[in-house]
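Descriptive structure summary
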Amino acid sequence: MALKLADYKTDTHNDWCPGCGDFGILNAIQMALFDMQIPRHRTAIFSGIGCSGKTPHFIHTYGIHTLHGRVLPFAQGAKLSNPELEILAVGGDGDGLGIGAGHFIGAGRRNLDMVYIIFNNGVYGLTKGQAAPTLKLGMKTKSLTQPNVNNSVNPISLALVAGFTFIARGYSYDVRHLKEIIKKAIEHKGLAFLDVLQPCPTYNDINTKEWYQGLDNINPETNKQIPRTYKIEEAGYDGVVHEVEDINDKMAQVIEKSNEWGNKIPIGIFYQNEHIPTYQERILARVSDYIENPPYKQAISDENNKSISNIDKLLAELRVDN
Ligand code: SF4
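First things first, this report covers the structure right here in the doc. (Residues numbered from 1 in each chain as written. Predicted model: local features only at pLDDT ≥ 70, side-chain atom pairs only at ≥ 80, totals over all residues. Heavy atoms only, no water.)

Focus on a nonpolar patch on the surface
Taken together, the side chains of Ile-311, Leu-314, Leu-315 and Leu-318 define a hydrophobic patch exposed on the protein surface, amounting to about 390 Å² of accessible area. For Leu-315, the position within the fold is in helix α10 (residues 312–318). (Patch = residues over 30% accessible without salt bridge, like charges linked within 9 Å, V, L, I, M, F, W, Y side chains within 5 Å. Areas by Shrake-Rupley, 256 points an atom, 1.4 Å probe, with all protein chains shown as cover. Salt bridge = Lys/Arg side-chain N within 4 Å of Asp/Glu carboxyl O. Helix = DSSP H or I, 4+ residues; strand = E, 2+ residues; numbered from the N terminus.)

Considerations on unusual backbone geometry
With a phi close to 65 degrees, Asn-111 is a non-glycine residue in the positive phi region. By the secondary structure assignment, Asn-111 is in the loop between α4 (101–110) and β4 (115–120). The exposure class assigned to Asn-111 is buried, which follows from its relative accessible area of 1%. The backbone phi angle of Lys-128 is positive, close to 85 degrees, even though this residue is not glycine. On the secondary structure map, Lys-128 appears in the loop between β5 (123–124) and β6 (130–131). (Buried < 20%, exposed > 50% of the residue type's maximum accessible area, 1.4 Å probe, protein only.)

Points about the site of the ligand
Close contacts around the ligand come from Trp-16, Cys-17, Cys-20, Cys-51, Asn-121, Gly-125, Gln-198, Cys-200, Pro-201, Thr-202 and Tyr-203, and that covers them all. Class assignment for the residues of the shell around the ligand results in seven nonpolar, four polar and no charged. (Near = heavy atom within 4 Å. Nonpolar A, V, L, I, M, F, W, Y, C, P; charged D, E, K, R; others polar.)

Observations regarding the side chain of Thr-134
Examined against the element boundaries, Thr-134 turns out to sit in the loop between β6 and α5 (155–162). The exposure class of Thr-134 is buried, given its relative accessible area of 10%. Only 2.6 Å separates the side chain of Thr-134 from the side chain of Asp-93, close enough to count as a polar contact. If sequence neighbours within four positions are ignored, Thr-134 has contacts with Asp-93, Leu-97, Asn-120, Gly-122, Ser-152, Val-153 and Pro-155. (Polar contact = N/O pair within 3.5 Å; in protein donor to acceptor, adjacent residues only side chain to side chain. Contact = heavy atoms within 4.5 Å.)

See the structure below:
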């Protein structure tokens, strides 16, 4: 029986602030899962710590709310253990690009077949709005006593050089466009990264919904506001690596596009490269029965729930005699 959109929602109380961009991202994820009719029991959503960390509580699939900056190790472990699962990892830019930055790089090098979505609002919203890694140098949001003294991370470029094979950006108030990007990220064979611009109306009083809508960005000829985000696919941009020989040219194109900011902010698919083997394919080349007999199917205890792991040989090797 076909699942309804409501089947992907929970009735858990949601205390995100009114107008928070997180709502748009949550809706887009639910709509993507529904459109693709992905079985709920085959889907696991992992989160880190932060406002966005509550996302799995609101999606009726398996959900695991993990530790600060550690969402990717949990999510990758689950995918490796059960390669049949559809895995989505979510978290804020502070969680993923601050304390979790090392895991971000490590994940890119592995290229597991899963999706990582960063809710990018430039601040640590859950802890009252400190500057997060994507906040631009010199910006002074209302919680800061002085302008931000650090330069910002460019998540698109960082994902590219780390090795992510699908890289896209969405905007949380353009839910339908974001939903389509999430679907393409799920379909992608390899590690997909989505940088989602997400206004935090409570603590980021600069990159607001009105700012993205271009309320202060007026066309002098028409006297109309110009929205800051634009869809790169409508501007003729093609991020797909069609031939292996194109990789360097495509990477250069991504770097250039990812540096656009200000009055014109690109959203859409920056890069897609399915010529790189996934981590599962690399494992399969070494462990021929990995898919038929993945770790989650292997017994770890006997009928009395006693561990069947035998480490006597290891202990004997490590033994230090007098
Ligand atoms: Fe959303 Fe910001 Fe409120 Fe957190 S603090 S729920 S990011 S508006």
